Amino acid sequence: MKKQIIVNFLKYAVALSLMAWVIWDNWGDPRGTVGKIIVGGKPEKGKITGKVLAYTPNESILLAREPAADTASSSEASDTQMEFALKPNGKTIIVAPAGETLQPGVLVTLSDVSRGLAYVWQRHGYGGEPVHVGYFLLAFAVALPSILLTFVRWYVLVRAVELPFRFVDAFRLGFIGLFFNNFMPGSVGGDVIKAAVLAREQNRRTVAVATVLMDRALALWALIWFVALLGAGFWMSGLLVGQGAEQCRKIVLIAWTIVGLSVLVWIGLGLLPDWRAKRFASRLERLPKLGAAAAELWRAVWMYRCRPRVVGSVLLLSWVGHVGFVFLFYGAVLTLWQPGSGEPIPTLAQHFLIAPIGLVIQAAPFFPGG
């Protein structure tokens, strides 16, 4: 009994430590950190232009801001002086014509300004800027069913290979995996833990692990389809305009390239006769040490290829969930964004491309959280 209490205590300690580490790693400087300083320039939307009042290399810069032409002067007049942190060790890029130096009185333009949790806390916790609770509640209301759909999707994949599995098991292990995906370094730690726990509870352990791998792979494939189809629709309807439009078009082209190659592979697998798939599995079994596991993994993949309805339903669940995640990100942005701040945000149409590409990176193993 005491041993179980100690083990549970250590689990919660690890979980809380990981959460604290994520918050600390994303805390940042409350002033915001500048990535690039361009000497000269004129006020424009999305960038900060002003005359230097004070400059300390590798530490900070203080500006008397020049309001952008499309910003209400009344809202800017009360906050014309702005101080920003600089990256240490000369990592803030300074672009200046020959002979120009950063000194008081020089006009500069700041770009690539990153703002962490400390900046958000400073503005909304101490600065009194409003938090739009309605958008936050909307984001939460959309996020919860979208997350639950991912558990249902995995349940469908597990049952498709005839493993004994219940809805409650999918939700129990799904929430464990979700936590560690978000708070462990990288983005696949939760999948590893989820696969390990499921394998321990099943006799066909390799197949159990294969369900987690297929869930990750099909979710990734659905995301790429999602970006390709919606992006093409937005592009043809002329919705990809403004800041970030060119990057979004590149994302769409890359997505269609991946879709085309993956469809060819999928069709090629469909042309493979059953007897050849079985022969390939038997050849895998002859591999030293890993042969049995590799053969079982191939059989699971082949089983899914032979059940297109299961794959189709998983893709459909993924697309519905992805729509929810896009609205989650957009609602989170609107929760803290102030319309009169002069800081642009991507449109909802651009969110339908930007948010999924972040999820694609998050779904790829060994990448950070997207």
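As a reminder, the structure under discussion sits directly above these lines.
Student: How would you summarise the overall build of the protein if you had to cite specific residues and measurements?
Tutor: The helix and strand inventory of the protein stands at 12 helices and six strands. Across the 370 residues that make up the protein, the buried fraction comes to 37%. Here the analysis covers contacts within the protein between residues at least 6 apart in sequence; of these, 73% occur between residues at least 24 apart. Summing over all exposed atoms, the protein offers an accessible surface of approximately 21,100 Å²; the carbon and sulfur share of this is 67%.

Student: Just give me the short version of helix 8 (residues 245–270), but keep the residues and values in it.
Tutor: With 26 residues, helix 8 extends 37 Å between its outermost C-alpha atoms, agreeing within 8% with the 38 Å of an ideal straight helix rising 1.5 Å per residue. Within helix 8, the full set of buried residues consists of Ala 245, Cys 248, Ile 251, Val 252, Ala 255, Val 259 and Ser 262.

Student: Break down the pairing of strand 4 (residues 81–86) for me, with residues and values.
Tutor: In terms of strand pairing, strand 1 (residues 33–39) meets strand 4 through two bridges, oriented parallel. Of the residues in strand 4, the one forming a bridge with Val 34 is Leu 86. Summarising the sheet, strand 3 (residues 60–65) and strand 4 pair through five bridges and their orientation is antiparallel. Counted as the bridge partner of Leu 63 is Met 82 from strand 4.

Student: Summarise the pairing of strand 2 (residues 48–56); cite the residues concerned and give the values.
Tutor: Sheet topology places strand 2 next to strand 6 (residues 107–114); four bridges connect them, and they run antiparallel. Each residue of the ladder has a partner; that of Thr 49, found in strand 6, is Thr 109. The turn joining strand 2 and strand 3, which pair antiparallel and follow one another in sequence, is formed by three residues; a positive phi near 65° is taken by Asn 58.

Student: So, unusual backbone geometry: which residues are in play, and what are the values?
Tutor: Not every positive phi belongs to a glycine, and Asn 58 is a case in point at roughly 65°. Assignment of secondary structure puts Asn 58 in the loop between strand 2 and strand 3. Looking at Asn 58, the relative accessible area reads 39%, which means it is partly exposed. Even without glycine at this site, Glu 162 takes up a positive phi of about 65°. Take Glu 162: it is sitting in the loop between helix 4 (133–160) and helix 5 (167–183). The class of Glu 162 is exposed, set by a relative accessible area of 56%.

Student: Lay out the nonpolar core in plain terms, naming residues and giving numbers.
Tutor: Core analysis: the biggest nonpolar cluster contains 48 residues, and Trp 154, Phe 165, Leu 198, Leu 218 and Tyr 304 have the highest contact counts within it. If you list the elements that add at least two residues to this core, you get helix 4, helix 5, helix 6 (189–201), helix 7 (205–236), helix 8, helix 11 (308–336) and helix 12 (348–363). Excluding its chain neighbours within four sequence positions, the residues that come into contact with Leu 218 are Leu 157, Val 311, Val 314 and Leu 315. Within the second largest apolar cluster, 14 residues are counted, among which are Val 34, Met 82, Val 106 and Val 108.

Student: Provide a residue-level description of the side chain of Ser 318, including the pertinent values.
Tutor: For Ser 318, the location among the structural elements is in helix 11. A relative accessible area of 1% means that Ser 318 is categorised as buried. Among the polar contacts made by the side chain of Ser 318, one reaches the main-chain carbonyl oxygen of Val 314 at a distance of 2.9 Å. Not counting the four nearest positions on each side in its chain, Ser 318 is found in contact with Arg 153, Ala 219 and Ala 222.

Student: Tell me about the environment of Ala 85, and please be specific about residues and values.
Tutor: Relative to the helices and strands, Ala 85 resides in strand 4. Ala 85 sits 24 residues away from Ile 61 along the chain, and the two C-alpha atoms are 6.6 Å apart. In this structure Ala 85 touches Asp 29, Arg 31, Gly 32, Thr 33, Val 34, Glu 59 and Ser 60, once residues within four positions along its chain are discounted.

Student: Tell me about helix 1 (residues 2–25), and please be specific about residues and values.
Tutor: Taking 1.5 Å per residue, 24 residues should reach 34 Å; helix 1 reaches 34 Å between its end C-alpha atoms and fits that length. All buried positions along helix 1 are accounted for by Ala 15, Leu 18 and Val 22.

Student: Lay out the pattern of salt bridges in plain terms, naming residues and giving numbers.
Tutor: Under the definition given, this model contains eight salt bridges. With a closest N to O distance of 3.2 Å, Lys 278 and Asp 274 form a salt bridge. Of this pair, Lys 278 and Asp 274 both sit in helix 9 (residues 274–285), four residues apart, roughly one helical turn. Assessed through its relative accessible area of 57%, Lys 278 is described here as exposed. Taking the relative accessible area as the measure of exposure, Asp 274 reaches 38% and is therefore partly exposed. One salt-bridge network, in which partners are shared between bridges, spans Arg 166, Asp 169, Arg 172 and Glu 201.

Student: Give a detailed account of the packing of aromatic side chains, specifying residues and quantitative values.
Tutor: Counted by the stated rule, this structure contains 14 aromatic pairs. Look at Phe 280 and Trp 298: their rings are 4.9 Å apart centre to centre, the planes differ by 80°, and that puts the pair in the edge-to-face class. Of this pair, Phe 280 sits in helix 9 while Trp 298 sits in helix 10 (residues 291–305), and the two are 18 residues apart along the sequence. Among the aromatic residues, those joined into a ring-pair cluster are Phe 151, Trp 154, Tyr 155, Phe 165, Phe 167, Phe 171 and Phe 175. Sitting over the face of the ring of Trp 266, Arg 305 holds its NZ or CZ atom 4.2 Å from the ring centroid.

Student: For the packing of helix 9 against helix 10, give the residues involved together with the corresponding values.
Tutor: For the pair helix 9 and helix 10, the least separation of the axes is 7 Å and the interaxial angle reads 160°. Taken as axis vectors, helix 9 and helix 10 run roughly antiparallel relative to one another. Contacts between helix 9 and helix 10 involve Asp 274, Ala 277, Phe 280, Ala 281, Leu 284 and Glu 285 on the former and, on the latter, Gly 291, Ala 292, Ala 294, Ala 295, Trp 298, Arg 299 and Trp 302. Within the contact of helix 9 with helix 10, the residues separate by chemical class into nine nonpolar, one polar and three charged.

Rules used throughout
- All chains use their own residue numbering, which begins from 1 and follows the written sequence.
- With pLDDT at 70 or above as the cut-off, local features in this predicted model cover only qualifying residues; side-chain atom pairs require 80 or more to be listed or tallied, and sums for whole chains, interfaces and linings still use all residues.
- Note that the side-chain values use all heavy atoms of the structure and ignore hydrogens as well as water.
- Secondary structure counts use DSSP, requiring at least four H or I residues in a row for a helix and at least two E residues in a row for a strand, with both numbered from the N terminus.
- Three labels apply to residues, based on accessible area from a 1.4 Å probe with only protein chains included: buried if under 20% of the type maximum, exposed if over 50%, partly exposed otherwise in between.
- Contacts were defined at the residue level, with two residues in contact if any of their heavy atoms lie within 4.5 Å.
- Here the accessible surface of atoms and residues is derived via Shrake-Rupley with a 1.4 Å probe, and residues count as covered only by protein chains that are part of the display.
- Each residue after the first adds 1.5 Å to the expected span of a helix.
- Criterion used throughout: strands pair if DSSP finds at least two bridges between them.
- Put simply, buried Ala, Val, Leu, Ile, Met, Phe, Trp, Tyr and Cys residues joined by side-chain atoms within 4.5 Å make one nonpolar core.
- Here a polar contact is taken to be a pair of N or O atoms separated by no more than 3.5 Å, where protein atoms must pair a possible hydrogen donor with a possible acceptor and residues adjacent in sequence count only if both atoms sit in side chains.
- Within this document, salt bridges are pairs made up of a side-chain nitrogen of Lys or Arg and a carboxyl oxygen of Asp or Glu, the two lying within 4 Å of each other.
- Note on ring pairs: Phe, Tyr and Trp rings are taken, using the six-membered ring of Trp, and paired if centres are within 6.5 Å. Classes follow the plane angle, with under 30 degrees stacked, over 60 edge-to-face and the rest tilted.
- Look at NZ for Lys and CZ for Arg. If either is within 6 Å of the ring centre and within 35 degrees of the ring normal, a charge sits over the ring.
- In this analysis an axis means a line fitted to C-alpha atoms, helices contributing only their contacting stretch, and an angle means the value between N-to-C directions, from 0 to 180 degrees.
- Any angle that falls under 35 degrees is termed roughly parallel, while one over 145 is termed roughly antiparallel, one within 65 to 115 roughly perpendicular, and all others oblique.
- For this classification, Asp, Glu, Lys and Arg are treated as charged, while Ala, Val, Leu, Ile, Met, Phe, Trp, Tyr, Cys and Pro are nonpolar and the rest, including Gly, are polar.

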